[in-house]
Amino acid sequence: MANPLLVNVAELTRRAGSEKLIDVAVDVNHFDFDDQRVTATEIPIRLHLESVNGGIAVRGELSMEWSDQCSRCLKPVQGVATTVVNELYQQVVTDPDAYEIVGEQLDLSPMVREVLLLELPTLPLCAPECPGLCTVCGADLAVAPCNCAPVEKSSPWDALDALKGRLSND
Ligand SMILES: [Zn+2]
Ligand SMILES: [Zn+2]
């Protein structure tokens with residue numbers, strides 16, 4: 001299968017300021033994400049390439065659908081990861097963050113894969129205020145409170161709180 005994200009940049013590199021728009025929907029299998037959170041079947045790629053001093057600037061926005069479990073209550077959650085792309089490709093890589101132009105070709109695939117994977121939430125929540133599950137009985141506290149005693153959480157502030165309590169009691 002031809003790589004839809006392999007772009008010949010011979011024309012672009014010839015003259016600074018030259019531009020090219022890549023607008024294509026790519027089958028998700030092309031990226032080999034190997035990540036079960038990815039539920040998108042196609043990734044719309046709309047990126048703007050511009051010949052700049054020292055390389056080709058690639059700009060645009062990417063998004064991808066995902067699904068996962070709430071990190072607190074384990075309910076299924078889904079969303080769309082969206083990220084702004086502002087990357088540089090260079091024939092001779094001098095910028096540590098730049099991607100390489102090989103010959104006269106630039107492959108957008110590894111970059112797209114990388115930025116989208118980075119955008120997937122590591123601790124997704126079904127709701128920002130999700131109370132999660134009781135750590136004792138496993139009850140979903142969003143449904144109903146359970147009868148377990150509240151678990152003592154220790155934090156660096158506990159000692160301070162205790163001290164404050166004592167001072168105000170005196
Ligand atoms: Zn939740
Ligand atoms: Zn409980």
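See the structure printed just above.
Here the structure is a predicted model, which means the values were calculated and not measured.

Draft legend 1. The overall build of the chain, seen in detail. Helix and strand content of the chain: three helices and seven strands. Secondary structure elements of the chain, listed N to C terminal, follow the sequence β-α-β-β-β-β-β-β-α-α. For the chain, the accessible area works out to roughly 11100 Å², and carbon and sulfur atoms hold 51% of it.

Draft legend 2. Molecular detail of helix H2 (residues 109–119). Taken residue by residue, H2 has Ser109, Met111, Val112, Val115 and Leu116 as its buried positions. Relative to the axis of H2, the buried residues are bounded by an arc of 165° and lie together on one face. Of the surrounding elements, those touching the buried residues of H2 are strand S3 (42–52), strand S4 (55–69), strand S5 (76–90), strand S6 (99–100) and strand S7 (105–107).

Draft legend 3. Representation of the coordination of the zinc ion (ligand 1) within the structure. For the zinc ion (ligand 1), the protein coordination sphere consists of Cys70 (SG), Cys73 (SG), Cys126 (SG) and Cys130 (SG), at 2.3 Å. Its four donor atoms give the zinc ion (ligand 1) angles of 106 to 112° at the centre, a pattern that matches the tetrahedral case. Donor residues binding the zinc ion (ligand 1) come from one chain and are separated in sequence as C-x2-C-x52-C-x3-C.

Draft legend 4. Layout of the coordination of the zinc ion (ligand 2). In the first shell of the zinc ion (ligand 2), the protein supplies Cys134 (SG), Cys137 (SG), Cys146 (SG) and Cys148 (SG), at 2.3 Å from the metal. Coordination at the zinc ion (ligand 2) is tetrahedral: its four donor atoms span angles of 102 to 114° at the metal. Read in sequence order, the donor residues coordinating the zinc ion (ligand 2) give the pattern C-x2-C-x8-C-x1-C. In this structure cysteine 148 comes out as partly exposed when scored by relative accessible area, which is 26%.

Draft legend 5. Spotlight on the nonpolar core. With 36 residues, the main nonpolar core has Leu47, Leu49, Leu108 and Met111 as its most contacted residues. Looking at which element gives the most residues to this core, the answer is S4, with five residues. Not counting chain neighbours up to four residues away, the residues in contact with leucine 49 comprise Val7, Val9, Leu12, Ser18, Glu19, Lys20, Ile22, Ile56, Ala57, Val58 and Leu106.

Draft legend 6. A look at the pattern of salt bridges. This structure, assessed with the given rule, holds five salt bridges. Residue arginine 14 is joined to glutamate 11 by a salt bridge in which the shortest nitrogen-to-oxygen separation is 3.3 Å. Of the two residues, arginine 14 and glutamate 11 both sit in helix H1 (residues 10–14), three residues apart, roughly one turn of that helix.

Draft legend 7. Summary view of the pairing of S5. With 14 bridges joining them, S4 and S5 adopt antiparallel strand pairing. Each residue of the ladder has a partner; that of serine 63, found in S5, is threonine 82. Taken together, S4 and the strand that follows it, S5, pair antiparallel across an intervening segment of six residues, in which leucine 74 is found at a positive phi of about 70°. As paired strands, S5 and S6 are joined by two bridges and run parallel to one another. Looking across to S6, one finds that glutamine 90 is bridged to glutamate 100.

Draft legend 8. Structural view of the packing of aromatic side chains. One pass over the full model with this rule turns up two aromatic pairs. On the numbers, 5.2 Å between centres and 25° between planes, the contact of tyrosine 89 with tyrosine 99 is stacked. Taken together, the residues tyrosine 89 in strand S5 and tyrosine 99 in strand S6 connect sequence positions 10 residues apart. In this structure, tyrosine 89 and tyrosine 99 share a single accessibility class: buried.

Conventions and cut-offs
- Numbering of residues starts from 1 in every chain and runs along the sequence as written.
- Starting at A for chains and at 1 for ligands, labels are handed out in the order in which the entities are written.
- Selection of residues for local features in this predicted model requires a pLDDT of at least 70, selection of side-chain atom pairs for listing and counting requires 80 or more, and totals for whole chains, interfaces and linings are taken over all residues.
- Heavy atoms throughout the structure, all of them, feed into the side-chain values; hydrogens and water do not.
- By the criteria applied, helices consist of DSSP H or I runs no shorter than four residues and strands consist of E runs no shorter than two, each listed in order from the N terminus.
- Throughout, the Shrake-Rupley method with a 1.4 Å probe supplies accessible areas, and for residues the shown protein chains are the sole cover considered.
- Summary of the burial criterion: residues with accessible area below 20% of their type's maximum are buried, those above 50% are exposed, and those between are partly exposed, where the area comes from a 1.4 Å probe applied to protein chains only.
- Summarising the geometry, the arc corresponds to the directions from the helix axis toward the C-beta atoms.
- Contacts are residue-level and defined by heavy atoms, with any inter-residue pair within 4.5 Å sufficient.
- Coordination here is defined by N, O and S atoms within 2.8 Å of the metal (3.2 Å for Na, K and Ca), and since water is not considered, a site can look incomplete.
- Between 85 and 135 degrees for all angles marks four donors as tetrahedral; over 155 degrees for opposite donors together with 65 to 115 for all other angles marks four donors as square planar and six as octahedral; every other arrangement is irregular.
- The set of buried Ala, Val, Leu, Ile, Met, Phe, Trp, Tyr and Cys residues whose side-chain atoms join them within 4.5 Å is what this entry labels a nonpolar core.
- Put simply, a salt bridge is a Lys or Arg side-chain nitrogen that is within 4 Å of an Asp or Glu carboxyl oxygen.
- Strands qualify as paired when DSSP identifies two bridges or more between them.
- The pairing test for Phe, Tyr and Trp rings, Trp by its six-membered ring, is centres within 6.5 Å, and the orientation test on the planes gives stacked under 30 degrees, edge-to-face over 60, and tilted for anything in between.

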